[in-house]
Amino acid sequence: MKIAVLGGGNGSFAAAGDFALQGHVVRLWRRDTAEVAAHRAAGSCIIVKDANGQHNVQLALVTSDIAEAVIDAELILCPAPAFAQHDIAARLAPHLADGQVVFLPPATFGSMIFATAARNAGNRAAVSFAETGTLPWLTRKHGPFEVAITIRAKRLPVGVFPLATAGHAIAVIGRAFPGVIEPCGDALSAALMNAGPIIHPPLIIMNAGPIEHFERWDIHKEGTQKAIRRVTDALDAERIAVREDFGYSSPHFPLAHHYASEGEQWMYGRGSHDRLTDSGDWRERIVLAEHRYMREDLRLGLSLLISVAELAGVATPLAKSFLAIGGTICGEDFMKSGRTLARLGLGGLGRDELQTLLCKGFR
């Protein structure tokens, strides 16, 4: 199938390389024209390293022209960080066409940002917007055109906006991720599956000392201790309580399954935590006030969770605490600068009105 991948980070290179490895026609778009020129001069290839070795795969196109990238693409995949979504959505909006599926893995309810951008651009094409709970690859770039894939996702809960188009969207996404996709309802259900705002805030806040002391620190290895795991599970319980109050059914993909050696499989399957830490790729330098764990997962992810919880009437004391501490570290009020329903233009909707919109889309 024809797939457009948007972005130039770890997830985008993993997506482009892995899809090309599977035999799909892949076009990669990124904003940095100098990087695009360098990639094209190097042959528009990506080196993919995984458990089966090293693969040199050819992309159909590397471009800084987003219209050129997405024309006739059945699937448009954008795994860029959530804080980049407004800019990318505005660039993409005029070029979307009937039947296309925009997939954001994960998105922090970014499907609404992309759908709203298309609407504001006057584009009335019948497009589906979907998101999931995690990046489909545990991955890090090892060079400008080289990416290592440690693990591929085994289960991806996917929600669609508008929900009425889910049949088509799930079928298209399923062709890119055969045997992996699990429909979970509307886009808000998928946003409340996002693992980043649950796993990363306790790890960076409760490890703030060693993160700032050591040049490199692996929050998933030395930083994941029993005390922190207890806090993570309690924070995850707040997320699940919001899902249940909105009427979303299980599986809720509790983060505890990510660490378990038996029982229900989490999104990356069993043993993924050990493989992640064994790779060494997550022993990295983290600048707390700048890293996406803070700017995306904590600031945007937890503010969204708190906002949705307030609409549901569910208490989220841990989420509020981490948001307040993170904001203090960065010198910001994260509830004001974060991603709330109000900042998404949905603040005036009651719960029933929001769920109707999620099902039927904009009228």
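Look a little higher up for the structure.
The sections below set out a description of the structure shown in this document. (Residues numbered from 1 in each chain as written. Predicted model: local features only at pLDDT ≥ 70, side-chain atom pairs only at ≥ 80, totals over all residues. Heavy atoms only, no water.)

1. Regarding empty space enclosed by the protein
Where we set the bar: Each cavity reported here is a set of points on a 1 Å grid over the protein atoms alone in which a 1.4 Å probe fits but cannot get out, each pocket an open set with protein on both sides within 12 Å along at least five of seven lines, and each lining residue one with an atom within 4 Å of a point. Grid points are joined across faces, edges and corners, and a volume is the space filled by probe spheres set on the points. In this description a helix means any DSSP run of H or I spanning at least four residues, a strand means any run of E spanning at least two, and both kinds are numbered starting from the N terminus. By the convention adopted, Pro, Cys, Tyr, Trp, Phe, Met, Ile, Leu, Val and Ala count as nonpolar, Lys, Arg, Asp and Glu as charged, and the other residues, Gly among them, as polar.
Throughout the structure, instances matching the rule amount to two cavities of 30 Å³ or more. Reported here for the largest cavity is a volume of approximately 100 Å³. Counting residues per element, the ones that place at least two in the lining of the largest cavity are helix 8 (196-205) and helix 13 (292-312). By residue number, the principal contributor to the lining of the largest cavity is helix 13, which donates three residues. Its residues placed into classes, the lining of the largest cavity shows seven nonpolar, three polar and one charged. Met-193, Ala-195, Ile-198, Asp-236, Arg-239, Phe-253, Pro-254, Leu-255, Trp-266 and Met-267 together form the lining of the second largest cavity.

2. Quick look at the side chain of Asp-186
Note the cut-off: Exposed residues in this analysis have more than 50% of their type's maximum accessible area, buried residues have under 20%, and partly exposed residues fall in between, with area computed by a 1.4 Å probe over protein chains only. As used throughout, the charge tally considers Lys and Arg to be positive and Asp and Glu to be negative, leaving His and the chain termini uncounted. One speaks of a salt bridge when a side-chain nitrogen belonging to Lys or Arg is within 4 Å of a carboxyl oxygen belonging to Asp or Glu. In protein, a polar contact means a hydrogen-donor-capable atom and an acceptor-capable atom, both N or O and within 3.5 Å, with residues adjacent in sequence counting only if both atoms are side-chain atoms; elsewhere, any N or O pair within 3.5 Å suffices.
Mapped onto the fold, Asp-186 is located in strand 12 (residues 181-186). An unpaired buried charge is present at Asp-186: no salt bridge exists, and Arg-243, the closest side chain of opposite charge, is 7.2 Å distant. Of the polar contacts made by the side chain of Asp-186, one reaches the backbone nitrogen of Leu-188; its length is 3.0 Å.

3. Quick word on helix 16 (residues 351-360)
To be explicit about the condition: Relevant arc is that of directions from the helix axis to the C-beta atoms, nothing else. Between two residues, a contact is recorded if the distance between any of their heavy atoms is within 4.5 Å.
Of the positions making up helix 16, those classed as buried are Leu-354, Leu-357 and Leu-358. Considered in projection along helix 16, the buried side chains sweep an arc of 100° and stay on one side of the axis. For helix 16, the exposed residues set more than 90 degrees away from the buried face come down to Asp-352 and Lys-360. Along its buried surface, helix 16 packs onto helix 5 (110-120), strand 11 (156-161), strand 12, helix 7 (187-191) and helix 13. In the segment just after helix 16, Gly-361 is the residue with positive phi, at about 85°.

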